[in-house]
Amino acid sequence: MASPAANPFSLMRRTCCSSSLRALVSSKASILPSNNLSSFSSCNPKLHFLHPRSYALQVRSLCRITASFNEEASAQAAAASVEIGGPTIFDKIIAKEIPSKIIYEDEKVLAFHDINPQAPVHVLVIPKFRDGLTGLGKAEPRHGEILGHLLYAAKVVAEKEGIVDGFRVVINNGPGACQSVYHLHLHVLGGRQMKWPPG
């Protein structure tokens, strides 16, 4: 089974988070006892720093803020480059140039695990042919059939993943919704209790 390839957005998120943590650690290191080292690996398993519990919570909070900021920055960068019209990472996954863990495939759609999961089950469902559908906001009447088929495929994925009794389907459209790849895609999320309202 092929391992998922890193995508530029997840790599950027990890790098920025690590840099922010290093800065915070170096600023706190002088006031904490040097013999109380512990490993905190939620953002970077190689980072070691001094620990009171409240300090760990501060770092965890910083990591969330940094990751959120990076998602927004990635979305803005993706939106700025969408007019170029070149192939996306999804086109490369469809062509099997980039490995992915495929859950479902037919002649119209492909479903595979997200490499940056936001739930125990997080699968992306994409049309194999973009046909102008860089996002849901670009949908036209002629896209009705593929849009319906994408939703049907999301249900098939939920069945295959054992989450049909509780799952969420998300479509991010545009930079304001943190769309990071301009090839229409559905996120199928499940395996945990979903909250409302969503983020």
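Use the structure listed above.
Residues numbered from 1 in each chain as written. Predicted model: local features only at pLDDT ≥ 70, side-chain atom pairs only at ≥ 80, totals over all residues. Heavy atoms only, no water.

A. Region of the structure containing a nonpolar patch on the surface. Taken together, Leu151, Val164, Phe167 and Val169 make up a surface patch of nonpolar side chains, about 300 Å² in accessible area. Here Val164 is to be found in the loop between α4 (144–160) and β6 (167–170). (Patch = residues over 30% accessible without salt bridge, like charges linked within 9 Å, V, L, I, M, F, W, Y side chains within 5 Å. Areas by Shrake-Rupley, 256 points an atom, 1.4 Å probe, with all protein chains shown as cover. Salt bridge = Lys/Arg side-chain N within 4 Å of Asp/Glu carboxyl O. Helix = DSSP H or I, 4+ residues; strand = E, 2+ residues; numbered from the N terminus.)

B. Inspection of the sheet that holds β6 at higher detail. Taken together, five strands build an open sheet; the order of strands is β3-β4-β5-β7-β6 and the sheet is antiparallel. On the outer flanks of this sheet lie β3 (102–105) and β6, each paired with one strand and no other. With strand direction ignored, the average angle separating the axes of adjacent strands in the sheet is 20°. Across five bridges, strand β5 (residues 121–127) lies against strand β7 (residues 186–190) in antiparallel orientation. Bridge pairing in β7 places Val121 opposite Gly190. Most of the contacts of α4 go to β5, to which it runs at about 150°, and overall it touches β3, β4 (109–113), β5, β6 and β7. (Pairing = 2+ DSSP bridges. Axes fitted to C-alpha atoms, helices over the stretch in contact; angles between N-to-C directions. Contact = heavy atoms within 4.5 Å.)

C. Examining the nonpolar core more closely. Counting 19 residues, the largest nonpolar core has Tyr104, Val109, Val123, Val125, Leu150, Val157 and Val188 as the members making the most contacts within it. Breaking this core down by element, the ones donating at least two residues are β3, β4, β5, α4 and β7. In terms of residue count, α4 provides more of this core than any other element does, seven residues in total. Core analysis: the second largest hydrophobic core is formed by nine residues, Ile93, Ile98, Leu110 and Leu124 among them. (Core = buried A, V, L, I, M, F, W, Y, C linked by side-chain atoms within 4.5 Å. Buried < 20%, exposed > 50% of the residue type's maximum accessible area, 1.4 Å probe, protein only.)

D. Here's a closer look at the pairing of β4. When you tally the buried positions in β4, you get five out of five residues, the bulk of the element. Both faces of β4 are covered, namely the face carrying Val109, Ala111 and His113 and the face carrying Leu110 and Phe112. Relative to β4, β3 runs antiparallel, the two being bridged by three bridges. From the neighbouring strand, Ile102 faces β4, where its bridge partner is Phe112. The hairpin formed by β3 and β4 contains three residues between the paired strands. Taken together, the five bridges between β4 and β5 define a ladder with antiparallel strand orientation.

E. Region of interest: unusual backbone geometry. The peptide bond linking Trp196 to Pro197 adopts the cis configuration, its omega dihedral lying at 0°. Mapped onto the secondary structure, Pro197 falls in the segment after β7. We note that Asp131 has phi near 50°; this positive angle belongs to a residue other than glycine. Tracing the backbone shows Asp131 in the loop between β5 and α4. Unusually for a residue other than glycine, Cys178 sits at a positive phi of about 60°. You can see Cys178 is positioned in the loop between β6 and β7. By relative accessible area, Cys178 is classed as partly exposed at 23%.

On their own, these measurements won't tell you what the molecule is for.
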